[in-house]
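Listed here are the chains, written in short residue letters.
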Amino acid sequence: MKRLIEDLRAPEPIHQFLETNEEWVQTRARQLGVAAKYVTTQALLHLPYYSPEAIVATTPDVLLDINMKVVSLGELYSNTYSRLHDDTEMSLVTSEAKLKGRNLLTLHEEASVIPVRFDTVPDYLADEVNNRLHYIHSSRDDSVANYGLFIDNAETPYASVSFSRCKRGYQVDALNKTTHLNLEPEQVSSMTRAFTFNNAPKNSMSKLFHQSHYQIKQDFPDIRAIITALNPYTGFNGGIFTGASYTPYALSPMEYWYDANGYYVPRSKGINPQNTETPPIIWLARGIDIIAAKAIENLAIDKIGHITQDEYQKG
């Protein structure tokens, strides 16, 4: 999978832009009080709006426009992040802490042992996290479940995840084709958003995905599989998914769309399409029942499917 992810990184014009403007990334991150990865990710999302020629030329207009968008989004992010971070009780731990346990979770750091609870996240709080902190900056109005990890009695989860019913036929069709299962869309849940605060214990998301898997099984007994997308273009390496028993099953086109002001938005809300080609994304799955789990686990990386542009467009 490592080689597959490396092949789906940013195309050369965009890679060159980021390399040329590395100092800008670091400076803007310090000024906004955010991680450099946040600035890089927002730049990656917005760069396809321009032509390859404009990106390669690194014209002042492109950098000025990208900078304006990063500052606008970054200020909202930073303000929300600071406020909610205080409510997570993350001041009690550092990234060196280890999250242990299976059903009962505890954080271990030196001599300290701090309880962690897996729980549902209120809709209003999940919406705020997904609208302000998740890199897409857009919650889903069709979410059916939001789960999180809470440190002790904290009001805000330090890691959270959201699920929706699967609505895209091509996602289920590709899964059926590669596994020889016969799943219906209503039997598949889509893990649509995941977020964790900086410096969280490294295995937090994998633990959260494991716990969510069992909770989905209880809350939605008709669900037979969970799917989710990994976008290496935006810098994700997939470790949290493979560590939570998710298996790649297909590559899919990924279109970047923008509103009237050139801000990145989900495809369903887009007005202006991208002008620079970008690599596909990876779809991964994990089975809920024994039959689906075995069929998905046995998929070989060189046997994953390829969703066509036509299939993607039909939804």
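Preceding block: the structure.
Residues numbered from 1 in each chain as written. Predicted model: local features only at pLDDT ≥ 70, side-chain atom pairs only at ≥ 80, totals over all residues. Heavy atoms only, no water.

Asker: A description of the pattern of salt bridges should follow, citing residues and the corresponding values.
Answerer: With the rule as written, the count across this model stands at 8 salt bridges. Across the pair Lys69 and Asp65 runs a salt bridge whose closest N-O atoms are separated by 2.7 Å. In this pair, Lys69 and Asp65 both sit in helix 6 (residues 60-86), 4 residues apart, roughly one turn of the helix. For the salt bridge of Asp310 with Lys314, the shortest nitrogen-to-oxygen distance reads 3.3 Å. One end of the pair, Asp310, and the other, Lys314, are both in helix 12 (residues 309-314), 4 residues apart, so they sit about a helical turn from each other. Looking at Asp310, the relative accessible area reads 46%, which means it is partly exposed. Looking at Lys314, the relative accessible area reads 67%, which means it is exposed. The structure contains a network of salt bridges with shared partners spanning Arg140, Asp142 and Lys167. (Salt bridge = Lys/Arg side-chain N within 4 Å of Asp/Glu carboxyl O. Helix = DSSP H or I, 4+ residues; strand = E, 2+ residues; numbered from the N terminus. Buried < 20%, exposed > 50% of the residue type's maximum accessible area, 1.4 Å probe, protein only.)

Asker: Explain the environment of His210 to me, and be specific about the residues and the numbers.
Answerer: Relative to the helices and strands, His210 resides in helix 9 (residues 204-219). Separated by 16 residues in the primary sequence, His210 and Ile226 have C-alpha atoms spaced 11 Å apart. Beyond its immediate sequence surroundings of up to four residues, His210 is in contact with Gly243, Ala244, Ser245 and Arg286. (Contact = heavy atoms within 4.5 Å.)

Asker: Give me the lowdown on the pairing of strand 5 (residues 159-165), citing residues and values where you can.
Answerer: Counting buried residues in strand 5 gives 6 out of 7 residues, a clear majority hidden from the surface. Across 7 bridges, the pairing between strand 5 and strand 6 (residues 188-196) is antiparallel. If you follow Ser160 over to strand 6, its bridge partner there is Phe195. (Pairing = 2+ DSSP bridges.)

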